[in-house]
Amino acid sequence: MAGTVRRLTWQVGEIVETSPQTPRTKSLFLEVPEWRGHRAGQHVDVRLTAEDGYQAERSYSIASAPENGRVELVVERLDDGEVSPYLADELRDGDGLELRGPIGGWFAWDAEEGGPLLLVAGGSGIAPLMAMVRHRKATGSDTPVRLLYSSRSYEEIIFRQELETLAADDETLEVIHTLTRSQPESWRGYDRRIDEKMLRKVAHAPEEHPLAFVCGPTPLVETVATALVHLGHDPARIKTERFGPTGG
Amino acid sequence: MGKGFISRGFRGRRREPEGASERVPPGQYLVDGFPVLSAGPTPRTPLSEWSFSVEGEIDEPKSWSWEEFRALPSEEITRDIHCVTKWSKLDTTWEGVSVDTLLEGVETAAGYVLAFADGGYTTNLPLEEVTGGQAWIAHTYDGEPLAPEHGGPARLLVPHLYLWKSAKWVRGLRLLNQDEPGFWESLGYHNHGDPWREQRYWGD
Amino acid sequence: MDEQRLDGNAAAGILEEIFTFEITTARAACVHCGAAGEVGAQMAYVTEIGTVLRCSSCDNALIRIVRQQSTPQRYWLDLKGIEYLQLQ
């Protein structure tokens, strides 16, 4: 059978670095002793256990490329969250974090699959798509990629600098931002939520048969997936990852 | 269960009972919010199409439209609720029609009911546990019309049992001579579900 | 719009506690409507009470799973909603 035969078990990864990304988000870098490697787009389940045995579990997409030995997770601090404030504010270098994975080969991309790739992200939904962008870079692939990325404001664009640098050096990678709540004075880009009109302009033509990956809050994912089908894209080439109420 | 990895400094969002601990069943903890747990899409039946039925082992099945249902006598009740996933909320306030009212005049030898809901969810109970002031069809929670994610427009409310027995989006009760395990009861959850005896799973 | 309605991928964690292969790319056919598609493309409702994987065409429950965490740990698995599972 394709893929590995294994039973998914919990492992303890070690936090080796934490790095604020934006006011609301932070990257956690983990060394996981028996990590078997992952495909770009996959996620891990994270589990927190209190002294009295109480447990909470959440899923987080892996933002690092498969070629990178460390596992990077992006945590968005949700105000009334149970898990995200702990991950974002409490965890320190040297702490352990229980996780299992990688999970979810359906929402994954390998460079040899080609494209063109249409990546659509909302907020922290950028995480699995960033793994794809980084993987593409690591393999030297020239599969054309268009990334449409919705953020609340300029300051809240996760991986902004890295995306700018990658795109500057590579004409086959296009990054288009939309800022939905506030924009800098000089902003001339999109300033609204992603809609069909925007996708008609930004997405590849259906005849190019792009492979689309859409990730972020459920309303954004559903709007985008519906719009892409409406624009003539093959539903079988649209893959979605809804984050649901607990982020991801 | 042997102690596995403990997350340094993690407590979770549980609240301490503050002197009400005798009201919290074994293994439960208190929460501030009202968690939503779904097994399927949230039904959105328009009120004009909604009805509630009492059917099965009964001479004359009964049915009410939404207007007819809301015209029935309704009571305000305050109860503690307990979910099998371990959270509890004390003093939740509801308004609803007592199941006794809906069964008024019904003659039956049936010993069991199966509550059925939009979306296919079912749950089973002994008839004697939904009568005698133990169960309601609730349409109002915390002073507001019951929200869809919490089972609105109306849900069964049987507070003395784990909350999975309080079927959301309930559309009727089927009276049965034989017990028929419902959606969760047929898949590991305890047939009865008494939180004070921690009847969570088969064999508990 | 249902916030608890996730992609099939979200059920992969608990499914892969039971199945030892990559489940999200397995093809499942629905007994109710006949539609066949990858598990990842179906809809998943994943909560502490249980996980229900539903057909993205007709919402029929394809797979239901309950996991009892305490000792002993038990799983209950209902696969009646699946006509067949095709594994690569």
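All values derive from a computational prediction rather than experimental measurement.

Participant: Which parts of the structure should I look at to understand the overall build of chain A?
Facilitator: Along the backbone of chain A there are five helices and 11 strands. Compactness check: chain A gives a C-alpha radius of gyration of 18 Å against a globular reference of 18 Å for 248 residues, within 12% of the reference. Summarising the internal contacts of chain A: among those between residues at least 6 apart in sequence, 73% fall at separations of at least 24.

Participant: Looking at this model, I keep getting lost on the interface of chain B and chain C. Mind explaining?
Facilitator: Interface size is commonly expressed as the accessible surface area that is lost when the partners come together. Facing 16 residues of chain B, the contacting portion of chain C comprises 19 residues. In the side of chain B that touches chain C, the residues fall into 11 nonpolar, five polar and no charged.

Participant: Can you walk me through the pairing of strand β7 (residues 74-78) of chain C in this structure?
Facilitator: Successive side chains on a regular strand alternate, one facing one side of the sheet and the next facing the other. Residues and elements named next belong to chain C. Pairing of strand β6 (residues 61-68) with β7 involves five bridges; the strand directions are antiparallel. Residue V66 lies in a different strand from β7, and its bridge partner there is W76. Hairpin connection of β6 to β7: five residues between the antiparallel strands.

Participant: I keep staring at the sheet that holds strand β5 (residues 71-76) of chain A and nothing clicks. Help me out?
Facilitator: Residues and elements named next belong to chain A. Across the sheet, six strands lie side by side as β4-β3-β6-β1-β2-β5; this open sheet has antiparallel pairing. The open sheet has two free edges, formed respectively by β4 (55-61) and β5, since each of these has just one partner strand. Neighbour to neighbour, the strand axes of the sheet diverge by 40° on average, direction disregarded. Sheet topology note: the strand β3 (residues 43-49)/strand β6 (residues 96-103) ladder contains four bridges and is antiparallel. Looking across to β6, one finds that R47 is bridged to E98.

Participant: Any chance you could explain the sheet that holds β6(C) here in plain terms?
Facilitator: In any sheet, the strands associate via hydrogen bonds between backbone groups, in a parallel or an antiparallel arrangement. Residues and elements named next belong to chain C. The five strands lie next to each other as β1-β4-β5-β6-β7, forming an open sheet whose pairing is antiparallel. At either end of the open sheet lies a strand with only one pairing partner, and these are β1 (6-7) and β7. Across four bridges, strand β5 (residues 50-54) lies against β6 in antiparallel orientation. The residue of β6 that forms the bridge with R54 is A61.

Participant: Quick question: what am I supposed to make of unusual backbone geometry here?
Facilitator: Look at the link from G101(A) to P102(A): it is a cis peptide, with omega at 5°. Within the secondary structure, P102(A) is located in strand β6. Look at the link from G115(A) to P116(A): it is a cis peptide, with omega at 5°. Assignment of secondary structure puts P116(A) in the loop between β6 and β7 (117-122). Phi is positive for D142(B), close to 55°, though the residue is something other than glycine. As for its position among the elements, D142(B) is in the loop between β8 (136-141) and β9 (144-145). For D142(B), a count of 12 C-beta atoms within 10 Å gives the class exposed.

Participant: Looking at this structure, I do not really get the domain arrangement of chain A. What am I missing?
Facilitator: Residue and element names in this part refer to chain A. You can read the domains of chain A as domain 1 (11-103) and domain 2 (111-246). Between domain 1 and domain 2, the C-alpha centre-to-centre distance is 23 Å. The partner domain 2 presents 15 residues to the 18 residues of domain 1 that form the contact. In terms of residue class, the side of domain 1 that touches domain 2 is made up of seven nonpolar, seven polar and four charged.

Participant: Help me out: how do you make sense of the interface of chain C and chain A in this one?
Facilitator: Each side of the interface is counted separately: chain C has 21 residues, and chain A has 23 residues. For the side of chain C that touches chain A, the elements supplying multiple residues, two or more each, are β1 and α1 (12-18) of chain C. The element best represented in the side of chain C that touches chain A is α1(C), accounting for four residues. Looking at the side of chain C that touches chain A residue by residue, the classes come out as six nonpolar, nine polar and six charged.

Participant: What's the story with helix α2 (residues 126-139) of chain A in this structure? I'm lost.
Facilitator: Because an α-helix packs 3.6 residues into every turn, residues spaced three or four apart end up facing the same way. Residue and element names in this part refer to chain A. With 14 residues, α2 should cover 20 Å at 1.5 Å per step; its first-to-last C-alpha distance of 20 Å lies within 8% of that length. Burial within α2 is extensive, with 11 of its 14 residues counted as buried. All of the buried residues in α2 are I126, A127, P128, L129, M130, A131, M132, V133, R134, H135 and R136. Positive backbone phi, approximately 70°, marks G140, located one or two places after α2.

Participant: Hey, could you run me through the pairing of strand β2 (residues 51-56) of chain B in this one?
Facilitator: All names here are of chain B. As defined by bridge partners, β2 adjoins strand β3 (residues 62-65) across four bridges and the pair is classed as antiparallel. Bridge pairing in β3 links F52 to W64. What sits between β2 and β3 in their antiparallel hairpin is a turn of five residues. Direction of pairing for β2 relative to strand β11 (residues 170-176): parallel, over a ladder of four bridges. Across the sheet, V54 pairs through a bridge with L173, a residue of β11.

Participant: Help me out: how do you make sense of the nonpolar core in this one?
Facilitator: Generally speaking, nonpolar side chains in soluble globular proteins are found buried as a group. Judged by nonpolar contacts, the single largest core of 128 residues is most densely connected at L119(A), V120(A), L129(A), F213(A), V224(A), A115(B) and I137(B). Of all the elements, α2(A) adds the most residues to this core, at seven residues. Here V224(A) is in contact with V120(A), I194(A), L199(A) and V214(A), once residues within four sequence places are set aside.

Definitions and cut-offs
- Numbers given for residues are sequential positions, taken from 1 along each chain in its written order.
- Starting at A for chains and at 1 for ligands, labels are handed out in the order in which the entities are written.
- Selection of residues for local features in this predicted model requires a pLDDT of at least 70, selection of side-chain atom pairs for listing and counting requires 80 or more, and totals for whole chains, interfaces and linings are taken over all residues.
- Only DSSP runs of H or I covering at least 4 residues are called helices, and only runs of E covering at least 2 are called strands; the numbering of each starts at the N terminus.
- The atom set for the radius of gyration is the C-alpha atoms, and the globule formula is 2.2 Å times the number of residues raised to the power 0.38.
- Throughout, a pair of residues is in contact if the C-beta atoms placed from their backbones lie within 7 Å.
- Gly is put with the polar residues, along with every residue not named as nonpolar or charged; the nonpolar set is Ala, Val, Leu, Ile, Met, Phe, Trp, Tyr, Cys and Pro, and the charged set is Asp, Glu, Lys and Arg.
- Two strands are counted as paired when DSSP detects at least two bridges linking them.
- Geometry is summarised by axes, namely lines fitted to C-alpha atoms with helices restricted to the contacting stretch, and by angles between N-to-C directions that run from 0 to 180 degrees.
- As a rule, residues whose C-beta atom has 12 or fewer other C-beta atoms within 10 Å are exposed, those with 20 or more are buried, and those in between are partly exposed; C-beta atoms are placed from the backbone.
- Per the annotation, domain bounds derive from an automatic or database assignment of domains.
- A helix is expected to span 1.5 Å for every residue after the first.
- Linking buried Ala, Val, Leu, Ile, Met, Phe, Trp, Tyr and Cys residues through C-beta atoms within 7 Å yields a set, and such a set is a nonpolar core.

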